[in-house]
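Here's the letter readout for the chains.
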Amino acid sequence: MISTSSRIPRALTIAGSDSGGGAGIQADLKTFQELDVFGMSAVTAITIQNTLGVHGIYELDPEAVAGQIDAVVEDLGVNALKTGMIANISIMEIIADRVKRHRLFPLVVDPVMVAKGGAFLLEKSAQNTLVDTLIPLAQLVTPNLPEAEVLTGMKLNTDESCKEAARQIHDMGAAAVVIKGGHLEGEFSTDLLFDGESFHTFTAPRVSTRHTHGTGCTFSAAVTAELAKGRQLTKAVSTAKEFVTQAIAHPLELGAGHGPTNHWAFRQSRTQTVISDSP
Ligand SMILES: Nc1ncnc2c1ncn2[C@@H]1O[C@H](COP(=O)(O)OP(=O)(O)O)[C@@H](O)[C@H]1O
Ligand SMILES: Cc1ncc(COP(=O)(O)O)c(N)n1
């Protein structure tokens, strides 16, 4: 029998564990699975977390993070990877080392800094280290608005300022940038992609909901899954936008706080069949 394993797209997430299952490693693996991609993980930190917030963080030894990356790369192979919560500079530096050593590509960097509840998921002094380590290695960086402001030092309150920020992050060495518009207000939620040559916008109706825990993780994981299948960047971002929009629009209403999104909503939106009662 001919082995088909080499044709199965495989994606790696390097991120923090969210015990509540809505963000981090758990959101990434669910998203990979929903998009028919085999998911693998390298955990950077374990968070004690639920919909009410982050109640504790246990950072892993950088060598433990590197060991997980080496183990999956050397045996299973990685078609695309993403980073999420990185916790500290030592972990960031060892991830950058492994990306270079194994020539891992394409790399999606979600520059996770602060959880929606306010907890720091990356030590503050490491925020700008991203610019010297991982951003220059990235095929795509996916900051939300506050993260783009930290990276560029700009106040982002107009379309033109967002475009300028995207240009600046591209100039830091990233091949492409998506500035996500979830933190804005208005009828629509629009994300701005700059691929080094042109700008593309991805717009969906804004859903009025408190269940937006893990939206950024889910979006960047969906882009990574699509890149693992060999999709072109604009198409991958477009599918990811559709995935996260469905996940937000069909909330599961779990937990007493900011609940998770619905990771199976995208699949259901594609497979819904019309049931007819005629004989
Ligand atoms: N209320 C919402 N309605 C529709 N889309 C949203 C909403 N909030 C966020 N999004 C989308 O979810 C994705 C993640 O964005 P955002 O929430 O800004 O990221 P993060 O979780 O990193 O803060 C983006 O595609 C954004 O447009
Ligand atoms: C482990 C982990 N990674 C990322 C996030 C960010 O998600 P959000 O901004 O929705 O809180 C999180 N809360 N926890």
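Because the structure is a prediction, the values reported are computed rather than measured. (Residues numbered from 1 in each chain as written. Chains lettered and ligands numbered in written order. Predicted model: local features only at pLDDT ≥ 70, side-chain atom pairs only at ≥ 80, totals over all residues. Heavy atoms only, no water.)

S.K.: Explain the site of ligand 2 to me, and be specific about the residues and the numbers.
M.R.: Close to ligand 2 lie 13 residues; Gly 16, Gln 49, Lys 116, Leu 121 and Gly 214 are nearest. One of the side-chain nitrogen or oxygen atoms of Gln 49 is found 2.8 Å away from a nitrogen atom of ligand 2. Contacts to ligand 2 include Gly 214, whose backbone N or O atom sits 2.6 Å from an oxygen atom. Protein contact buries 94% of the 360 Å² of open area that ligand 2 shows by itself. Per-class residue counts for the shell around ligand 2 are five nonpolar, seven polar and one charged. (Near = heavy atom within 4 Å. Polar contact = N/O pair within 3.5 Å; in protein donor to acceptor, adjacent residues only side chain to side chain. Areas by Shrake-Rupley, 256 points an atom, 1.4 Å probe, with all protein chains shown as cover. Nonpolar A, V, L, I, M, F, W, Y, C, P; charged D, E, K, R; others polar.)

S.K.: So what's going on with the UniProt feature "domain: Pyridoxamine kinase/Phosphomethylpyrimidine kinase" (unreviewed entry) in the protein? Which residues, and what values?
M.R.: When the UniProt feature table is mapped onto this chain numbering, "domain: Pyridoxamine kinase/Phosphomethylpyrimidine kinase" (unreviewed entry) sits at residues 18–262. In residues 18–262, the share of helix is 38% and the share of strand is 19%. The end C-alpha atoms are 15 Å apart. (UniProt positions renumbered as here; feature names shortened; annotations may be inferred. Helix = DSSP H or I, 4+ residues; strand = E, 2+ residues; numbered from the N terminus.)

S.K.: Tell me about the site of ligand 1, and please be specific about residues and values.
M.R.: Near ligand 1 lie 16 residues; those nearest to it are Lys 116, Lys 180, His 183, Ser 189 and Asp 191. For ligand 1, the protein covers 94% of the area, taking 560 Å² as the surface of the free molecule. Every element with two or more residues in the shell around ligand 1 is listed here: strand S8 (188–194), helix H7 (215–228) and helix H8 (233–249).

S.K.: I'd love a proper account of the packing of aromatic side chains, names of residues and values included.
M.R.: Considering all chains together, one arrives at two aromatic pairs under this definition. Look at Phe 194 and Phe 199: their rings are 4.5 Å apart centre to centre, the planes differ by 25°, and that puts the pair in the stacked class. When its relative accessible area of 6% is taken as the criterion, Phe 194 is described as buried. Its relative accessible area of 24% is what places Phe 199 among the partly exposed residues. Ring geometry for Phe 243 and Phe 266: centres 5.2 Å apart, planes at 40°, overall tilted. One end of the pair, Phe 243, is in helix H8; the other, Phe 266, is in helix H9 (residues 265–271), with 23 residues separating them in the sequence. Above the face of the Phe 199 ring, Lys 163 is positioned so that its terminal group lies 5.2 Å from the ring centre. (Phe/Tyr/Trp six-rings, centres within 6.5 Å; stacked < 30°, edge-to-face > 60°. Buried < 20%, exposed > 50% of the residue type's maximum accessible area, 1.4 Å probe, protein only. Lys NZ or Arg CZ within 6 Å of the ring centre and 35° of its normal.)

S.K.: Mind laying out the confidence of the model for the protein, listing which residues take part and the relevant values?
M.R.: Note that predicted coordinates carrying low pLDDT should not be read in detail. Put simply, the protein has an average pLDDT of 94, and 95% of its residues get 70 or more. Both scores are given for the predicted complex: the pTM is 0.95, the ipTM 0.98. (pLDDT = per-residue confidence, 0-100.)

S.K.: I'd like a description of the pairing of strand S3 (residues 53–59), backed by residues and values.
M.R.: Taken together, the six bridges between strand S2 (residues 38–50) and S3 define a ladder with antiparallel strand orientation. By the bridge assignment for S3, Ala 45 is matched with Glu 59. Joining the antiparallel neighbours S2 and S3 is a turn of two residues. (Pairing = 2+ DSSP bridges.)

S.K.: Break down helix H3 (residues 89–101) for me, with residues and values.
M.R.: Counted at 1.5 Å a residue, the expected span for H3 with its 13 residues is 18 Å, and the 18 Å between its end C-alpha atoms agrees. Buried residues in H3 make contact with strand S1 (10–18), S2, helix H2 (62–75), strand S4 (80–83), strand S5 (107–109) and helix H4 (129–132). Of the residues that open H3, the one with a side-chain oxygen 3.1 Å from the backbone nitrogen of Ser 90 is Asn 88. Just past H3, the residue Arg 103 takes up positive phi, approximately 50°. (Expected span 1.5 Å × (residues − 1). Contact = heavy atoms within 4.5 Å.)

S.K.: Describe the environment of Arg 167, with residues and values.
M.R.: Position of Arg 167 among the secondary structure elements: in helix H6 (residues 159–171). A residue is classified by how much of its surface remains accessible, and Arg 167, at 30% relative accessible area, is partly exposed. Sequence spacing of Arg 167 and Ser 198 is 31 residues, and the spatial spacing of their C-alpha atoms is 10.0 Å. When neighbours within four sequence positions are excluded, Arg 167 is seen to be in contact with Glu 160, Phe 194 and Phe 199.

S.K.: Hey, could you go over the nonpolar core for me, with residue numbers and the actual values?
M.R.: If you look at the biggest cluster of nonpolar residues, it comprises 48 residues, and the most contacted ones within it are Leu 12, Ile 69, Ile 95, Leu 130 and Leu 134. Looking at which element gives the most residues to this core, the answer is H3, with five residues. Here Leu 134 is in contact with Thr 83, Ile 86, Met 92, Ile 95, Ala 96, Leu 107 and Val 109, once residues within four sequence places are set aside. (Core = buried A, V, L, I, M, F, W, Y, C linked by side-chain atoms within 4.5 Å.)

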